[in-house]
Amino acid sequence: MADFQRVMDHAVAVARKAGEVVREALSDDRKVMTKSSAVDLVTQTDQKVEQLIIQSVKEKFPKHRFIGEESVAAGEACILTDDPTWIIDPIDGTTNFVHAFPFVAISIGFSINKQVEVGVIYSCLEDKMFTARRGKGAFCNGEPLQVSDQTDIHQAIICTEFGSNRDPEVVDKMFCSLRNILSLPVQGVRGAGTAAINMCLVASGCVEAYYEIGVHVWDFAAGSLMVTEAGGVLMDVDGGELDLMSRRIIAANSRTIAERLVKEIAPFRLPRDDAPPQKQ
Ligand SMILES: O=P([O-])([O-])O[C@@H]1[C@@H](O)[C@H](O)[C@@H](O)[C@H](O)[C@@H]1O
Ligand SMILES: [Mg+2]
Ligand SMILES: [Mg+2]
């Protein structure tokens, strides 16, 4: 049985160290590369930070497994087992990082038996350390977090992101959902540019919900626990149970708001995170 406090303490320490690397890199030239599309960006800092985190964890927890965004991008399988697994997004908000747009997070989730037990999200340009352990609450810089108590969708702010998929039919579906939600009306639609920070905004009570189709398990593993430990709920965009590998999520302050969003979101499916690699 893993010592979850020891895991949390290490995740916080390495996230803070990674945040220093990210802040220092902001003053250097950021060599930008692309992955799945011309707008799916990655930098050497993403890769450097992921290796820093993984190497440090291997020294303390040599039997643990990893799902890392940039390791998967380099060809490693994205398979979640019952084993103790660190689910790492070294820079959540890479496009923000490239543009020095001030919402950039290091997101570290830890799961056992396919259940997230520890979540750490360091918003490193705001110097906000978000932490959660299952059953023990969610915190920002040590202060407890509580979701909003607003259940009227017409008095809500909703977060979403448009991802990096620019296929016309995907864009049409995303805009259909956005038009439906905006026209309810809701008081606002926002996006920090990072799933992890959007979910911290839900956990902090600043917005009522976040939804996205196209997001990956490393984007939201830590945030999923942040939201539930702050009193919120998670579900698939079709109202079913959240599937960590499905690339679809609603994270909300309440079932009322989440189920209202289900009625407005135009659902579609993308290849799962654990789908076998597509033959070139
Ligand atoms: O790539 P990254 O910056 O780690 O993560 C980002 C996610 O946090 C965001 O929700 C999504 O819309 C972006 O396309 C991107 O995937
Ligand atoms: Mg990400
Ligand atoms: Mg990333």
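It should be noted that the structure appears before, not after, this text.
Scope of this entry: the structure provided in the associated data block. Here the structure is a predicted model, which means the values were calculated and not measured.

Taken together, Glu 69 (OE), Asp 89 (OD) and Ile 91 (O) make up the full set of protein donors to the magnesium ion (ligand 3), lying 2.0 to 2.2 Å away. Here the donor residues of the magnesium ion (ligand 3) are spaced in sequence according to E-x19-D-x1-I. Separation of the magnesium ion (ligand 3) from the magnesium ion (ligand 2) amounts to 3.5 Å, with Asp 89 serving as a shared donor to the pair. For Asp 89, a relative accessible area of 0% corresponds to the buried category. When its relative accessible area of 1% is taken as the criterion, Ile 91 is described as buried.

Let us now look at empty space enclosed by the protein. According to the stated counting rule, one finds 1 cavity of 30 Å³ or more in the structure shown. Counted as a void, the largest cavity has a volume near 80 Å³. As for the largest cavity, its lining consists of 13 residues, of which Thr 160, Glu 161, Met 174, Tyr 211 and Ile 213 are closest to the centre. Elements represented by at least two residues in the lining of the largest cavity include exactly α5 (168-182) and β12 (209-213). With 4 residues, α5 is the single largest residue contributor to the lining of the largest cavity. Split into classes, the residues belonging to the lining of the largest cavity amount to 8 nonpolar, 2 polar and 3 charged.

In this section: the site of ligand 1. Contacts to ligand 1 come from 14 residues, most closely from Asp 92, Gly 93, Thr 94, Ala 195 and Glu 212. Asp 89 places a polar side-chain atom, nitrogen or oxygen, 3.0 Å from an oxygen atom of ligand 1. One of the backbone nitrogen or oxygen atoms of Thr 94 is found 2.8 Å away from an oxygen atom of ligand 1. When isolated, ligand 1 has an accessible area of 380 Å², and the protein chains bury 88% of it. By residue number, the principal contributor to the shell around ligand 1 is strand β4 (residues 85-92), which donates 3 residues. Of the residues contributing to the shell around ligand 1, the split by class is 3 nonpolar, 5 polar and 6 charged. Each of domain 1 (4-144) and domain 2 (153-264) gives at least three residues to the shell around ligand 1.

Basis of the calculations
Residues numbered from 1 in each chain as written. Chains lettered and ligands numbered in written order. Predicted model: local features only at pLDDT ≥ 70, side-chain atom pairs only at ≥ 80, totals over all residues. Heavy atoms only, no water. Donors = N, O, S within 2.8 Å, 3.2 Å for Na, K, Ca; no water. Buried < 20%, exposed > 50% of the residue type's maximum accessible area, 1.4 Å probe, protein only. 1 Å grid on protein atoms, 1.4 Å probe; cavity = no way out; pocket = protein on both sides within 12 Å on 5 of 7 lines; lining within 4 Å. Points joined across faces, edges and corners; volume = space filled by probe spheres on them. Helix = DSSP H or I, 4+ residues; strand = E, 2+ residues; numbered from the N terminus. Nonpolar A, V, L, I, M, F, W, Y, C, P; charged D, E, K, R; others polar. Near = heavy atom within 4 Å. Polar contact = N/O pair within 3.5 Å; in protein donor to acceptor, adjacent residues only side chain to side chain. Areas by Shrake-Rupley, 256 points an atom, 1.4 Å probe, with all protein chains shown as cover. Domains from an automatic or database assignment.

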